[in-house]
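# Results of the structural survey
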Amino acid sequence: MTATATPADQRGEPLLRVQGLKVHFPIKRGIFVDRTVGHVRAVDGVDLSIDRGTTYGLVGESGCGKSTLGRAILRLVEPTAGSVVFDGTDVAALRGEPLRKMRRRMQMVFQDPLGSLDPRQNVESLLSEPLRAHGLDGGNAGIAAHIRTLLDAVGLPVAALRRYPHEFSGGQRQRIGIARSIALEPDLLIADEPVSALDVSVQAQVVNLLEELQERLGLTYLVIAHDLAVVRHISDVVGVMYLGSLVEQAPADDLYEEPLHPYTRALMSAVPVPDPVVEGSRERILLAGDLPSPANPPNGCRFHTRCPWRQETRCDDEVPVLRELAPARFVSCHWAEEIRDGVLRPKAPEEVAAIQGVHVAATGVGPVETDALVQGIDQPIERT
Amino acid sequence: MSSGSSSISAPPVGLGNQPVLEVTDLAVRFTRRGEADTRAVDGVSFSVAPGETIGLVGESGCGKSVTSLAVMGLLPKRNVQVSGSVRLDGQELVGADAETLRGLRGADMAMVFQDPLSSLNPTVPIGTQVTEVLLEHRDMTRKEAVDEAARLLDRVGIPDPLRRLKEYPHQLSGGMRQRALIAMALSCSPRLLIADEPTTALDVTIQAQILELLRELVVDSGTALVMITHDLGVVAGLCDRVHVMYAGKIIETADRHELFARPRQPYTGGLLASVPRLDSPRGAPLTPIRGSARDTIAWADGCAFAPRCDSAQDDCLTEVAGSTVELVPDGPRRELRCRHPIEYPPAPAGATAPGAAR
Ligand SMILES: Nc1ncnc2c1ncn2[C@@H]1O[C@H](COP(=O)(O)OP(=O)(O)O)[C@@H](O)[C@H]1O
Ligand SMILES: Nc1ncnc2c1ncn2[C@@H]1O[C@H](COP(=O)(O)OP(=O)(O)O)[C@@H](O)[C@H]1O
Ligand code: SF4
Ligand code: SF4
Ligand SMILES: [Mg+2]
Ligand SMILES: [Mg+2]
């Protein structure tokens, strides 16, 4: 499956190919001896690929596994299963020096760089550190010249060099974080909620900067965010995640024109648009209830407990696979064609809640998890 | 065409419809020895009628939360100076004693915060917390209060309310906690509800549920709602009248259709041009505002937005113009604080409004 955004890509192999990726975290209990009492299936079988020079946007509500997927690609967490092939090389097989070299080609941009920037280092030392660590040629003079180019690329004045992270505004700190991540001329940037912590007027500056750098340096991006409008703006291809799996993937324009998965439709209809005329006239698909726990995901289609289109057959007991419904349009829903063609109609959220209330009790899907740690759901503020 | 076009717009104030809340020239100054004073809120005036929703919108640090805390009488007494007037149903709250304010809070005015955990007691079950509000403010037996609490949880969309009443705040998801807080706020049918970024910490599908709940509440009970948010999308869907704040002052006020169709203050226009819209054609460039909210000058020296403003001219500074930039009437039901506002070609009668400056 290829996430080709433009047919123009003739260089063949995508830069990144992820197949069957799973990350399961054990849930430990016990005071003296840790017992594993279950698993949080943070990422549960994801396939995606990203072509060179394009941007893949990953959206979904907090807790659906976006950050874990990003971290697993960089092997900051060990995948439970699946493969990550970067530029033709299986990352999982790498150890030692080859792994270090590979990591240099894949860099991460975080939500708030203040958390990832050492407060005691000034900008000059923050930027020279990765250069020295990877033994960039040219000695001190070469490094100094390189740092100036970096500052220039991200739109910071040279005077910034002697200052410390806390002296900068959120937007400027994000520029420092970006400068650091491109210092070693990587091929792939994984940006995890790069603008979520910023004021709206400043968000646009950073979005524009990322787009400009992509063009100038030929970068490939995986942009992870909960804000669908930001993701749609910046991405060529968008993947929508729900409880550890991709439910839909499409070119950004198509996804907005005609979302195919019920979850995507609900998500899009819930994003407020800063225009009262649009807000007053658009159809809103309200969902019933909260995100189920990834430690105890529903059987069958994972979205069936909240899906306004859920059917009596298949939805509860058959896992839908991600299939190509139209060119470059992937969706995992048994009834996608019927929903697209308007043959099936959505139910009201109250009705869904009522049905699911009965249903859960009747088939005994399992005890309701009352531990919020295990539920671990929609608690963002700090999006992680 | 301005005020009547909104589907849930409230009857205009003045037709025998007294405002529930009237804030006049509110100012809050934080004083700390050895430090310069912070004028967090500086001459803010607005009012809200029954069944009306107003929005206070602006970026972080512009004074939205301090305004709401001042209205509720929740600011600390030490090192804080509050001046101006806050009238709830005609009763002056600035300078009122703590006892009076406590009686009004919960009963006549209530507040919902961004982080519900901080306003719920972690060691007390949700049910007890709701029933305590009821027992304090309403004449009820404990049994009646428990029944009423369950009814309230049900009303805000918490499934299985009787079981939930026994649970502790940490056992609920963020969305459920926010509902529980709204249930508490509603318990005495307050005349005024202030919601300070109530959905900022929630995911969009949950946000949609909460906003729907607030909409119903205003329509069903005629509560006056003050919605505080940085999200222009939320404002566009919910607020009848919008006040845009910058550096502690209101810089533009208009009915929502007017504001979004023809923002006049360069800051308002800049905000609208910098947010990506889900429905805008892809590739449409974003036009950011330069600098950050830190790049500001004191209002006494000129327009606080001048360092970031593309329309700024010399007379935006006090020393050039000889006066500070004031909030002045700007056509029907509009107010504006700007010397060089965004201009629009006169719209032919009946024509649809042009899109925002983008
Ligand atoms: N180190 C970890 N140990 C246990 N559970 C984790 C860990 N990291 C994340 N999780 C859980 O995995 C799920 C997905 O988390 P995350 O990838 O951070 O989601 P997102 O970035 O989409 O908000 C959540 O339920 C979270 O609580
Ligand atoms: N307790 C306090 N002491 C000193 N300054 C404060 C205090 N609380 C808020 N401020 C300042 O008041 C201004 C307005 O803050 P706030 O109302 O919280 O902004 P908003 O809610 O719009 O993000 C900010 O500059 C903030 O730093
Ligand atoms: S498979 Fe069924 S429950 Fe799942 S999204 Fe499709 S219609 Fe809804
Ligand atoms: S008063 Fe001057 S600086 Fe302020 S917003 Fe208007 S044009 Fe810009
Ligand atoms: Mg995350
Ligand atoms: Mg605030």
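Because the structure is a prediction, the values reported are computed rather than measured.

### Topic: the overall build of chain A
The helix and strand tally for chain A stands at 14 helices and 12 strands. Considering chain A as a whole, with its 384 residues, one finds that 53% of them fall into the buried category. Counting contacts in chain A only where the partners sit at least 6 residues apart, residues at least 24 apart contribute 65% of the total.

### Let's talk about the overall build of chain B
If you tally the helices and strands in chain B, you get 12 helices and 12 strands. What you see for chain B is a C-alpha radius of gyration of 21 Å, in line with the 21 Å of a compact globule of 358 residues. The buried share of chain B, taken over its 358 residues, is 54%. For chain B, contacts bridging at least 24 residues in sequence account for 64% of all contacts bridging at least 6. As displayed, chain B offers around 15,200 Å² of accessible surface, 52% of which is attributable to carbon and sulfur atoms. In chain B, 37 side chains carry a positive charge and 44 a negative one; their mean positions are 3 Å apart.

### Here's the deal with the sheet that holds strand S7 (residues 192-196) of chain B
Residue and element names in this part refer to chain B. Across the sheet, 8 strands lie side by side as S6-S7-S8-S3-S9-S10-S12-S11; this open sheet has mixed pairing. Looking at strand neighbours, the two that pair on one side only are strand S6 (109-112) and strand S11 (328-329), the edges of this open sheet. In the sheet, strand S10 (residues 249-255) pairs with strand S12 (residues 335-336) via 2 bridges, with the strands oriented antiparallel. Across the sheet, the residue bridging to Thr 253 is Glu 335, located in S12. Along the sheet, helix H8 (residues 204-221) contacts strand S3 (53-57), S7 and strand S8 (224-229); its crossing angle with S8, the most-contacted strand, is approximately 155°.

### Remarks on the sheet that holds strand S3 (residues 55-59) of chain A
Residue and element names in this part refer to chain A. Strands sit in the order S6-S7-S8-S3-S9-S10-S12-S11 across an open sheet of 8 strands; the sheet is mixed. Unpaired on one side and paired on the other, strand S6 (106-109) and strand S11 (323-326) mark the two borders of the sheet. With direction set aside, neighbouring strand axes in the sheet form an average angle of 20°. Relative to strand S12 (residues 329-331), strand S10 (residues 245-251) runs antiparallel, the two sharing 2 bridges. Each bridged residue has a counterpart across the sheet, and for Gln 249 the counterpart in S12 is Phe 330.

### A look at the site of ligand 3
Ligand 3 sits among His 261, Pro 262, Cys 301, His 304, Cys 307, Trp 309, Cys 315, Cys 333, His 334 and Trp 335 of chain A. Per-class residue counts for the shell around ligand 3 are 7 nonpolar, 3 polar and no charged.

### What about the interface of chain B and chain A?
Interface size is commonly expressed as the accessible surface area that is lost when the partners come together. Counting residues at the interface gives 53 residues for chain B and 53 residues for chain A. At the boundary of chain B with chain A, total buried surface from both sides reaches about 4,500 Å², with 56% on carbon and sulfur atoms. On the chain B side of the contact with chain A, Asp 203, Leu 278 and Arg 282 of chain B bury the most area, a combined 19% of that side's loss. Across the pair Arg 277 of chain B and Asp 275 of chain A runs a salt bridge whose closest N-O atoms are separated by 3.2 Å.

### Quick notes on the domain arrangement of chain B
Residues and elements named next belong to chain B. Segmentation of chain B into domains returns domain 1 (21-239) and domain 2 (265-277 + 287-336). Here the C-alpha centre of domain 2 lies 30 Å away from the C-alpha centre of domain 1. Listed by partner, the interface residues are 4 residues for domain 1 and 5 residues for domain 2. For the domain 1 and domain 2 pair, buried surface summed over both sides reaches about 450 Å², with 63% attributable to carbon and sulfur atoms. Per-residue buried area on domain 1 facing domain 2 is highest for Asp 42, Glu 59 and Leu 232; these three make up 79% of the total on that side. Counting every contact that joins domain 1 to domain 2 gives 1 residue pair in polar contact (both at pLDDT 80 or more).

### Some thoughts on the site of ligand 2
Residues and elements named next belong to chain B. Around ligand 2, the neighbouring residues are Phe 30, Arg 32, Ala 40, Glu 59, Ser 60, Gly 61, Cys 62, Gly 63, Lys 64, Ser 65 and Val 66. The backbone of Gly 61 places a nitrogen or oxygen atom 2.7 Å from an oxygen atom of ligand 2. Relative to its unbound accessible area of 560 Å², ligand 2 is 62% covered by the protein chains. With 3 residues, helix H1 (residues 64-72) is the largest single contributor of residues to the shell around ligand 2. Classifying every residue of the shell around ligand 2 by side-chain character gives 4 nonpolar, 4 polar and 3 charged.

### Looking at the nonpolar core
Residue and element names in this part refer to chain B. The biggest cluster of nonpolar side chains holds 65 residues, and the ones touching the most others in it are Ile 182, Leu 193, Leu 214, Met 227 and Tyr 267. Considering each element in turn, this core owes the most residues, 8 residues, to helix H7 (residues 174-186). Composition of this core by domain shows at least three residues from each of domain 1 (21-239) and domain 2 (265-277 + 287-336). Among all residues touching Leu 193, those that are not within four sequence positions of it are Ala 110, Met 111, Val 112, Ala 185, Leu 214, Leu 217, Thr 223, Ala 224, Leu 225 and Val 226.

### Some words on the UniProt feature "domain: ABC transporter" (unreviewed entry) in chain B
On the UniProt side, "domain: ABC transporter" (unreviewed entry) is annotated at positions that read residues 21-272 of chain B here. Helix and strand shares over residues 21-272 of chain B are 40% and 26% respectively, and the end C-alpha atoms of the span are 28 Å apart.

### A closer look at helix H1 (residues 66-73) of chain A
All names here are of chain A. Within H1, 7 of the 8 residues are buried, which leaves the element mostly enclosed by the surrounding structure. Within H1, burial applies to Lys 66, Ser 67, Thr 68, Leu 69, Gly 70, Ala 72 and Ile 73. Backbone geometry just downstream of H1 places Arg 75 in the positive-phi region, at approximately 60°.

### What about the pattern of salt bridges?
Within the structure shown, the criterion is met by 46 salt bridges over all chains. With its nearest N and O atoms 3.3 Å apart, the salt bridge here joins Glu 343 of chain B to Arg 264 of chain B. Placement of the pair is Glu 343 of chain B in the segment after S12 and Arg 264 of chain B in the loop between helix H10 (256-261) and helix H11 (266-274), with a sequence separation of 79 residues. For Glu 343 of chain B, a relative accessible area of 59% puts it in the exposed group. Classification of Arg 264 of chain B by relative accessible area gives buried; the value is 15%. Through salt bridges with shared partners, a single ionic network connects Arg 52, Asp 87, Arg 105 and Asp 187 of chain A.

### Quick look at the packing of aromatic side chains
Applying the stated rule across the entire model yields 6 aromatic pairs over all chains. Residues Tyr 263 of chain A and Phe 303 of chain A carry aromatic rings whose centres are separated by 5.3 Å and whose planes lie at 70° to one another, so their mutual orientation is edge-to-face. Linking Tyr 263 of chain A in helix H10 (residues 262-270) with Phe 303 of chain A in the loop between helix H11 (276-281) and S11, this pair joins segments that are 40 residues apart in sequence. Residue classification places Tyr 263 of chain A among the buried residues on the basis of a relative accessible area of 0%. Here Phe 303 of chain A falls in the buried class, since its relative accessible area comes to 1%. Counting every residue linked through ring pairs, the aromatic cluster contains Tyr 242, Tyr 263 and Phe 303 of chain A. For Arg 163 of chain A, the ring lying beneath its charged end belongs to Phe 168 of chain A, and the centroid distance is 4.7 Å. The aromatic ring of Trp 299 of chain B is capped on one face by Arg 337 of chain B, whose charged end is 5.4 Å from the ring centroid.

### Examining the confidence of the model for chain B
Residue and element names in this part refer to chain B. Looking at chain B as a whole, the pLDDT averages 88, with 92% of positions reaching at least 70. Low confidence marks residues 1-16, where pLDDT is under 50. Its contacts with residues over four positions away, or in another chain, come to 26 contacts. Under a pLDDT of 50 for its full length, residues 351-358 has, in the predicted model, 17 contacts with residues more than four places off or in other chains. Taken over the whole predicted complex, pTM reads 0.88, whereas the ipTM for its chain interfaces reads 0.85.

### Let's talk about H10 of chain A
Burial of H10 of chain A is extensive: 8 of the 9 residues sit out of reach of the surface. All of the buried residues along H10 of chain A are Pro 262, Tyr 263, Thr 264, Ala 266, Leu 267, Met 268, Ser 269 and Ala 270 of chain A. Those residues of H10 of chain A that are buried are in contact with helix H8 (228-234), strand S9 (237-242), S10, helix H9 (252-257) and helix H12 (336-340) of chain A together with H8 of chain B.

Definitions and limits used
- Residues numbered from 1 in each chain as written.
- Chains lettered and ligands numbered in written order.
- Predicted model: local features only at pLDDT ≥ 70, side-chain atom pairs only at ≥ 80, totals over all residues.
- Heavy atoms only, no water.
- Helix = DSSP H or I, 4+ residues; strand = E, 2+ residues; numbered from the N terminus.
- Buried < 20%, exposed > 50% of the residue type's maximum accessible area, 1.4 Å probe, protein only.
- Contact = heavy atoms within 4.5 Å.
- Rg over C-alpha atoms; globule rule 2.2 N^0.38 Å.
- Areas by Shrake-Rupley, 256 points an atom, 1.4 Å probe, with all protein chains shown as cover.
- Lys, Arg positive; Asp, Glu negative; His and termini not counted.
- Charge placed at Lys NZ, Arg CZ, Asp CG, Glu CD.
- Pairing = 2+ DSSP bridges.
- Axes fitted to C-alpha atoms, helices over the stretch in contact; angles between N-to-C directions.
- Near = heavy atom within 4 Å.
- Nonpolar A, V, L, I, M, F, W, Y, C, P; charged D, E, K, R; others polar.
- Buried area = accessible area lost by both parts, 1.4 Å probe.
- Salt bridge = Lys/Arg side-chain N within 4 Å of Asp/Glu carboxyl O.
- Domains from an automatic or database assignment.
- Polar contact = N/O pair within 3.5 Å; in protein donor to acceptor, adjacent residues only side chain to side chain.
- Core = buried A, V, L, I, M, F, W, Y, C linked by side-chain atoms within 4.5 Å.
- UniProt positions renumbered as here; feature names shortened; annotations may be inferred.
- Phe/Tyr/Trp six-rings, centres within 6.5 Å; stacked < 30°, edge-to-face > 60°.
- Lys NZ or Arg CZ within 6 Å of the ring centre and 35° of its normal.
- pLDDT = per-residue confidence, 0-100.

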